[in-house]
Number of protein chains: 2
Amino acid sequence: MSEFKVLEIKKSVFEDNDRQADLLRDELKKNGVFLLNLMSSPGSGKTTTLRRTIEALKDEFKIGVMEADIDSDVDAQTISETGAKVIQLHTGGMCHLDAEMTKQGLEGLQTSDVELAILENVGNLVCPAEFDTGAVKNAMILSVPEGHDKPLKYPLMFSICDVVLINKIDVLPYFDFDLEKCKEYVLKRNPNAKIIPISSRTGEGIEEWTNWLREEVKKWRA
Amino acid sequence: MSEFKVLEIKKSVFEDNDRQADLLRDELKKNGVFLLNLMSSPGSGKTTTLRRTIEALKDEFKIGVMEADIDSDVDAQTISETGAKVIQLHTGGMCHLDAEMTKQGLEGLQTSDVELAILENVGNLVCPAEFDTGAVKNAMILSVPEGHDKPLKYPLMFSICDVVLINKIDVLPYFDFDLEKCKEYVLKRNPNAKIIPISSRTGEGIEEWTNWLREEVKKWRA
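Keep in mind that this is a model prediction, so the values were computed, not measured. (Residues numbered from 1 in each chain as written. Chains lettered and ligands numbered in written order. Predicted model: local features only at pLDDT ≥ 70, side-chain atom pairs only at ≥ 80, totals over all residues. Heavy atoms only, no water.)

1. Things to note about the overall build of chain A
1) Next: Scanning chain A for helices and strands turns up 8 helices and 8 strands.
2) Next: On C-alpha atoms alone, chain A measures out to a radius of gyration of 16 Å, which is about the 17 Å that the 2.2 N^0.38 rule sets for 222 residues.
3) Next: Here chain A, with 222 residues, has 62% of them falling under the buried criterion.
4) Next: Put simply, of all contacts in chain A between residues at least 6 apart along the chain, 76% involve residues at least 24 apart.
5) Next: For chain A, the exposed surface amounts to about 8,900 Å²; the carbon and sulfur share of it is 45%. (Helix = DSSP H or I, 4+ residues; strand = E, 2+ residues; numbered from the N terminus. Rg over C-alpha atoms; globule rule 2.2 N^0.38 Å. Buried < 20%, exposed > 50% of the residue type's maximum accessible area, 1.4 Å probe, protein only. Contact = heavy atoms within 4.5 Å. Areas by Shrake-Rupley, 256 points an atom, 1.4 Å probe, with all protein chains shown as cover.)

2. As for the relation of the copies chain A and chain B
1) Next: Relative to chain B, chain A is turned by 180° and slid 0.0 Å along the rotation axis, the superposed coordinates differing by an RMSD of 0.0 Å. Here the two chains are linked by the operation of a two-fold rotation axis.
2) Next: Looking at chain A, 100% of its interface residues are interface residues in chain B too, so the copies touch through the same face. (Least-squares fit on C-alpha atoms with pLDDT ≥ 70 in both.)

3. What about the packing of helix α1 (residues 17-31) of chain B against helix α4 (residues 99-109) of chain B?
Residue and element names in this part refer to chain B.
1) Next: For the pair α1 and α4, interaxial distance at closest approach is 8 Å and the crossing angle is 30°. Each of Asn17, Gln20, Ala21, Leu24, Glu27 and Leu28 in α1 lies in contact with α4, whose residues at this interface are Ala99, Glu100, Thr102, Lys103 and Leu106.
2) Next: Classifying every residue of the contact of α1 with α4 by side-chain character gives 5 nonpolar, 3 polar and 3 charged. (Axes fitted to C-alpha atoms, helices over the stretch in contact; angles between N-to-C directions. Nonpolar A, V, L, I, M, F, W, Y, C, P; charged D, E, K, R; others polar.)

4. Concerning the packing of aromatic side chains
When we look at a pair of aromatic rings, we describe it by the centre distance and by the angle of the planes.
1) Next: Per the counting criterion, the structure on display carries 4 aromatic pairs over all chains.
2) Next: Between Tyr174 of chain A and Tyr174 of chain B the ring centres are 3.6 Å apart and the planes differ by 5°, which places this aromatic pair in the stacked class. You can see Tyr174 of chain A sitting in the loop between β7 (163-167) and α7 (179-189) and its partner Tyr174 of chain B sitting in the loop between β7 (163-167) and α7 (179-189), one on each of two chains.
3) Next: For Tyr174 of chain B, a relative accessible area of 30% puts it in the partly exposed group.
4) Next: Ring centres of Trp209 of chain A and Trp212 of chain A lie 5.8 Å apart, and the angle between their planes is 15°; on these two criteria the pair is classed as stacked. With Trp209 of chain A and Trp212 of chain A both in helix α8 (residues 206-221) and 3 residues apart, this pair spans about one turn of that helix. Both residues of the pair, Trp209 of chain A and Trp212 of chain A, belong to the buried class.
5) Next: Its guanidinium or amino end placed over the ring of Trp220 of chain B, Lys29 of chain B lies 4.6 Å from that ring's centre, counting from NZ or CZ.
6) Next: Lying over the aromatic face of Phe175 of chain A, Arg201 of chain B brings its terminal NZ or CZ to 5.9 Å of the ring centre. (Phe/Tyr/Trp six-rings, centres within 6.5 Å; stacked < 30°, edge-to-face > 60°. Lys NZ or Arg CZ within 6 Å of the ring centre and 35° of its normal.)

5. Considerations on the sheet that holds strand β1 (residues 5-8) of chain A
Residues and elements named next belong to chain A.
1) Next: Pairing is parallel across the open sheet formed by 8 strands, whose spatial order is β1-β4-β3-β5-β2-β6-β7-β8. Edge positions in the open sheet fall to β1 and β8 (194-197), since each of these has one partner strand only. This sheet shows a mean twist of 20° between the axes of neighbouring strands, independent of strand direction.
2) Next: The sheet contact formed by β7 and β8 spans 4 bridges and is parallel. When the sheet's bridge partners are listed, Leu165 is paired in β8 with Ile196.
3) Next: Relative to β8, α7 is tilted by about 155°, and along the sheet it contacts β6 (137-143), β7 and β8. (Pairing = 2+ DSSP bridges.)

6. Concerning the nonpolar core
1) Next: One finds Leu116, Trp209 and Leu213 of chain A together with Leu116, Trp209 and Leu213 of chain B to be the most contacted residues of the largest nonpolar core, which totals 142 residues.
2) Next: Leu116 of chain B has contacts with Phe34, Leu57, Phe61, Lys62, Ile63, Gly64, Leu213 and Val217 of chain B, leaving out every residue within four places of it along the chain. (Core = buried A, V, L, I, M, F, W, Y, C linked by side-chain atoms within 4.5 Å.)

7. What to know about helix α8 (residues 206-221) of chain B
1) Next: Its 16 residues place the ends of α8 of chain B 22 Å apart at the C-alpha level, agreeing with the 22 Å of an ideal helix rising 1.5 Å per residue.
2) Next: Turning to α8 of chain B, its buried residues number three or more, namely Ile206, Trp209, Thr210, Trp212, Leu213, Arg214, Glu216, Val217 and Trp220 of chain B. (Expected span 1.5 Å × (residues − 1).)

Written as structure tokens, this is what we have:
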């Protein structure tokens with residue numbers, strides 16, 4: 001039987017979120033903890049991608065996962081089966097996490113023995129992009145069924161992410177999704193974005209993604 | 001060449017959104033305008049479903065569509081090709097529409113000669129559920145690729161919607177989506193919800209949906 005804690009996080013009292021985020025990053029650097037903020041729409045495959053990521057990296061790093069959701073524990077349940085340390089964060093209706101809320105989550109997770117912490121943010125392409133969580137890197141998932149026009153419609157999310165994973169490429173034949181056009185739109189929003197097409201179901205592309213993540217964690221902890 | 005207006009909507013100054021929403025509904029009732037608020041995640045198929053809806057009902061009602069988006073005009077462009085009156089609302093980064101913002105949109109659309117007004121809300125399963133837009137009925141789309149667990153994770157959205165359209169049922173064979181379980185979860189959140197499986201691509205289920213909508217518009221305008 002898998003075990004995880006559920007934390008009802010409190011609304012942040014800090015007005016200056018950017019400052020709190022910088023302070024959190026400094027603390028993480030000092031403690032050798034790499035924090036990844038993973039964002040996407042509901043249903044893009046964050047949890048399945050996370051399972052793949054944990055499988056690929058769990059022998060190299062101690063991994064801790066924070067599952068943020070309005071309600072329910074289904075994602076924490078899924079992740080706990082990988083053997084990674086996991087905590088479920090309930091946002092109480094809030095549509096995003098900020099740095100202070102993330103800090104509450106990290107404390108709940110007990111980061112002292114975690115080297116790679118991953119925050120699965122609330123499923124939402126709008127609000128989470130507006131709040132620096134204190135993460136070292138931001139990643140997002142766009143899935144094929146959502147359509148290749150999303151970078152045009154949700155500009156901020158695409159512009160703040162270091163990596164854009166294009167997930168569910170195994171179902172490309174069943175959707176009108178133009179991968180080249182999608183890449184073009186992403187780069188229009190963010191010329192520095194690294195774009196990796198993946199299928200978290202078949203495992204395609206996961207190696208490229210976890211190679212990137214491994215190098216970033218090593219650089220941060222060096 | 002299709003033509004539509006783009007409106008940069010202003011943030012609402014009213015604190016009491018519920019009161020503003022009731023006032024707007026009263027005004028719509030007086031003018032014989034039925035307002036539908038259509039919500040979903042990014043990429044669930046709101047715009048394609050809307051095209052189907054307009055095709056089915058355009059000979060019976062004068063239809064006006066408000067396309068709310070953070071940025072871009074791609075949806076208004078698509079809808080304008082149906083011949084329906086359409087306006088693009090840019091929310092300037094805001095993640096939802098409230099009653100006053102909706103009113104700005106209706107005024108931009110010139111509702112005097114519209115019988116069925118449809119608001120395509122910002123793609124987001126969290127924030128739009130928190131703000132009454134003044135709509136007569138709320139509808140949402142959940143698409144098969146998003147997964148059947150979404151009613152567990154986004155409770156408010158499912159509980160405030162009169163209709164839940166389960167879209168993209170043409171790709172059911174390619175996803176691990178349990179339709180019966182999904183219906184059970186929706187009804188757990190909202191025992192009165194009408195659930196209609198559709199495919200806006202193939203047209204399956206669209207007749208049941210537009211029959212429901214037609215009856216609601218007639219009742220409201222009676």
